[in-house]
Amino acid sequence: AGPMSLECLGNLLRITLSAEYFEDKYISLFVIDQSGTAWELDEAMAAQCGYTVTYTTWRSIEFRASALSCHSHLEKDVFTVTVQIKTSHTSDMSNATTRRKSASCPYGPWSPRELICDSNYMEVSVRREIPETIKDFVQNEPEDWTLVFPEAKAEEASVWQIVFHQPEEKRALLVSNAWSAGYGLNTTDSRVLLRVPYTAVQVQLVKVGVLLLAQQTARLCRSNQMPSLQDQGITFSVLRSSAFYKYQWVILMLDTAVACPVDGVDYTNKTITWTVPKYIPPLSAGVTSFKDVLVEAGVDLHKLSAKEMASRKYVLLNELKAITMKIPIGAEGGYYKTSVSNGQLGVKYFINLFLEHQWEDDKWTLTKHTIIKEIETPFEQAEVAITNNLNLSARLMNITVGTFLSDVELVNLTIEGIAVAVPEAVQHGYLIHRTRYANGSKAYVIKVSLDAPSVKKEYMREDIRAYTLNVTLTFITYPSSETFLIPVIVLSAVKDAVLPSARGFCDGRNLHLTITHGNVDQNWLPFISDWHLTQEAAQKYNYILRDNGTHLAISVPFLSPHVSYEGFHTSAIKASFYLTLKDGITFAQRRDFSVSCIFSPSELIQCLPNGTVIITAIKLVGGEDLDTALLVLRDRQCKPSLVTEKTATFKFNVNTCGTSRRFNSTTTTYENEVLYFRPGNDTPIYQLKFLCSYAVKQTADVRYESKKNPPPSIKSGLGCLALSLKLFKEKSYSEPYQESEYPVVKYLREALYFEVELLQPKDARLELNLDDCWATNSQSQDSLLQWHILTHGCENNKGSYRTVFHKVNYSLRVKFPQHLKRLEVRLFTFVQDTSLLQE
């Protein structure tokens, strides 16, 4: 427990550095020799000296040391290793914390020959024996080896030369030169050791066959003869060498050959199959007999019993020609690790198998061969699940991404092209937290408001809006520091769309359409058919187009190119105006609106007092192929003086163009008609009759007798009046509110200052009087909820505040005071029972 845990595993010591203590820190490892000197560990030194450093998926660091490693102290079959760990939060290792740990492990008895195949080195140690004849030899003369072999070392028992056996030659190196070349050599009182990195120059790759005929193998083994192996099979890293050392006047030689398998692993049917040949020729030079003694296997340097293997569904086959282990991919004892290939996320299964094979032969008596095999399966692409648990009540996207293994960390998000570190994501409206599961895996939960700026909103249909989140997540793996990207595109359909609505009305000369914006039409544009109605386009046709952010208002004159005329009767014309809202990006048609009104035909006819008639003929719906330029009056020589796509205007005198007359006692009526003929046909397909009536002038003698002036009388009359209603800011009536200032916000009991003015005609004989004046709570003047401000020209006395008239005086602006009425109204609100209807 704690920062470091220790295990003695046969002829190996394992120290595990806990991730809890060393995570997110820079680490340096040192090995301490018997003199107390610290040697910093790197890859080359580890392979030469019998050390291995690996990282597990849990970010723990594992350090292994051989019993005969360079700096271990061996005494009475107990080897001791001392390590020192420095940790710092900075790469320059400033303010480092130092921990030192010594561990002693017993190991014995030693076999005459022991071989270790670890992940980064091969090791062979052999017993150093001295023949009895040499022990009994009496030296007569002083020993002076340096005269014969100057290379010899002063120490009596030291290894002083090693010879490598290559196919084409033999090469001898002194111990010092071999050490400089990366080889590890050592001696104890009873053993000679050689350690070889796999990358050493003298290492050869040799095929060792396992495909033998069973009968031949059985026969040869029964006769204690060695089988002849075929030139195929499993590749071994092999170093053939002999170590020479002197004892008194004798040079002794030891076979220090070593061989380790580098392949032999197959992945089929979700199973790892690891095969190791039993008979390895490079290790059996000069051997004439071979006998199995023991085969044991396990995981992570722990031997497993047959029962333990069966529970994990491992299979260990000790066959005549080979040892085979079969491990289901994903089985207990291994672990999955995140892997990245070409930017794609995947996993690999890792398992650290080991095999101990002991055999007897007539050369070494007993050999123990320990093979540590770190196996990783091929890359397997992984799919990342992305789920969205929409929280409608909180208007939150609740997105879960994963699961991932524990060696993966989310480092940033790319939001609208900008990379944002995870701690800063909250500033962009993203809440991120990690969910850990019991098996060590984890997922990331991202919460984003539907109203966040980076969430795109799009109208789909009816009352449904689509909310789309499009972010890219960047992950990193530990300790390999590989990165991969996961694009997260999540669409949520929500029934919260408010479509634009419209209200239309007419005022006798214009058609008005007011559209109330919804929450889906931010980029919808007004179109009349395929014609985009812009402010500039509206001005071209004298249309009025206003948009205050909440409402879009369009006003179109009755006689306009974009008004359709759907019916024509002697008393009425039905005119319609159609508007379409289209998506500003795709131009898809989203919403259609229209307003239709009945207009008087008198709008098309002007009978002037001087006998001039101006008539406008209109093209009706269904007569699209009619050419208005070809319209004529009864006298076909009378053609229109003004032509548009939909109208033709004629101006003529009642005594021309085939106009007929009818008389009665009071009026003279003139009639004509607008006609359209197809070429070569005298029957009109279009016929618009019209008439003008004039009062007959009469002269009469009247007797007049002057008496007192009669009282004035008022007679009703008909005519066109132009009026305006304005709202002013104060009682002086000097500054009216402008269009851009509407709507005007006022509070209860504040005053509104209205002015009603007769604009046309400018006749001093006329006086403006207000009869009825009322307010409604809607834009319709016919709304049933009404509050009367004036009734029959008098102030309403039912309210708390009476309407006040203000006197109008002559000024530079007011030429005819009798044409204006000014009144002050105190603000009120509509209440029904005890409920407030609106502000």
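Residues numbered from 1 in each chain as written. Predicted model: local features only at pLDDT ≥ 70, side-chain atom pairs only at ≥ 80, totals over all residues. Heavy atoms only, no water.

Q: Honestly, the overall build of the protein chain in this entry has me stumped. Any pointers?
A: Across its full length, the protein chain holds 8 helices and 64 strands. Across its three principal directions, the C-alpha atoms of the protein chain cover 190 × 75 × 55 Å. Burial statistics for the protein chain: of 839 residues in total, 42% are counted as buried. Put simply, 59% of the contacts in the protein chain that link residues at least 6 apart link residues at least 24 apart. When the accessible surface of the protein chain is summed, it comes to about 46900 Å², and 51% of that surface belongs to carbon and sulfur atoms. One way to put it: in the protein chain the 85 positive side-chain charges average out to a point 10 Å from where the 90 negative ones average out. (Helix = DSSP H or I, 4+ residues; strand = E, 2+ residues; numbered from the N terminus. Buried < 20%, exposed > 50% of the residue type's maximum accessible area, 1.4 Å probe, protein only. Contact = heavy atoms within 4.5 Å. Areas by Shrake-Rupley, 256 points an atom, 1.4 Å probe, with all protein chains shown as cover. Lys, Arg positive; Asp, Glu negative; His and termini not counted. Charge placed at Lys NZ, Arg CZ, Asp CG, Glu CD.)

Q: How do you make sense of the state of the cysteines when you look at a structure like this?
A: One covalent bond between the sulfur atoms of two cysteine residues makes up a disulfide. The final tally for this structure, using the stated rule, is 6 disulfides. Taken in N- to C-terminal order, the disulfide-linked cysteines of the protein chain are connected 1-4, 2-3, 5-6, 7-8, 9-12, 10-11. A disulfide-free cysteine, Cys720 has its sulfur positioned 13 Å from the sulfur of Cys607, the nearest such atom. (Disulfide = S-S within 2.5 Å.)

Q: Any chance you could explain the sheet that holds strand E56 (residues 722-728) here in plain terms?
A: Hydrogen bonds between backbone groups are what pair the strands of a sheet, and the pairing can be parallel or antiparallel. Reading across the sheet, the 4 strands line up as E56-E57-E62-E61 and stay open at both edges, with antiparallel pairing between neighbours. Only two strands of the sheet have a single neighbouring strand rather than two, namely E56 and strand E61 (804-806). Going from strand to strand, the sheet's axes swing by 25 degrees on average, the running direction of each strand aside. Alignment of E61 against strand E62 (residues 820-826), held across 3 bridges, turns out to be antiparallel. What sits directly across from His806, in E62, is Arg822. (Pairing = 2+ DSSP bridges. Axes fitted to C-alpha atoms, helices over the stretch in contact; angles between N-to-C directions.)

Q: I'm lost on the sheet that holds strand E58 (residues 773-776) in this one. Help?
A: The sheet built from 3 strands is open, its strands ordered E58-E59-E60 with antiparallel pairing. Across the chains shown, the open sheet's two edge strands, defined by having one partner strand only, are E58 and strand E60 (794-795). Two strands pair when backbone bridges link them, and E58 and strand E59 (residues 786-791) are joined in this way by 4 bridges, in the antiparallel orientation. Its bridge partner lying in E59, Trp774 is registered against His788.

Q: Please explain the packing of aromatic side chains as it appears in this structure.
A: Any two aromatic rings considered together are summarised by their centre-to-centre distance and by the angle between their planes. As enumerated under the stated definition, the model contains 25 aromatic pairs in all. Within the aromatic cluster, the residues linked to one another by ring pairs are Phe404, Tyr444, Phe475 and Phe484. Positioned over the ring face of Phe350 is Lys337, at 5.2 Å from the centre of the ring. Its guanidinium or amino end placed over the ring of Phe677, Arg636 lies 3.6 Å from that ring's centre, counting from NZ or CZ. (Phe/Tyr/Trp six-rings, centres within 6.5 Å; stacked < 30°, edge-to-face > 60°. Lys NZ or Arg CZ within 6 Å of the ring centre and 35° of its normal.)

Q: Before we go on, may I ask you to explain the nonpolar core in this structure?
A: Nonpolar side chains in soluble globular proteins tend to be buried together. One finds Tyr183, Val196, Ile327 and Ile351 to be the most contacted residues of the largest nonpolar core, which totals 58 residues. For this core, the element with the most residues is strand E28 (residues 344-361), which contributes 5 residues. (Core = buried A, V, L, I, M, F, W, Y, C linked by side-chain atoms within 4.5 Å.)

Q: Just to check I follow, could you spell out the domain arrangement of the protein chain for this structure?
A: Where interface size is given, it is often the accessible area lost as the parts come together that is meant. Partitioning the protein chain into structural domains gives domain 1 (4-109), domain 2 (124-135 + 156-210 + 233-376), domain 3 (383-494), domain 4 (501-599), domain 5 (602-695) and domain 6 (722-836). Centre-to-centre, using C-alpha coordinates, domain 5 lies 43 Å away from domain 6. (Domains from an automatic or database assignment.)

Q: Looking at this model, I keep getting lost on the confidence of the model for the protein chain. Mind explaining?
A: The predicted coordinates should not be examined in detail at positions where pLDDT is low. Averaged over all residues, the pLDDT of the protein chain is 86; the fraction at 70 or higher stands at 91%. Overall, residues 137-142 carries pLDDT values under 50, and its contacts beyond four positions in sequence, including any with other chains, amount to 6 contacts. Note that pLDDT drops below 50 for residues 225-231; the model gives that stretch 22 contacts with residues more than four away or on any other chain. (pLDDT = per-residue confidence, 0-100.)

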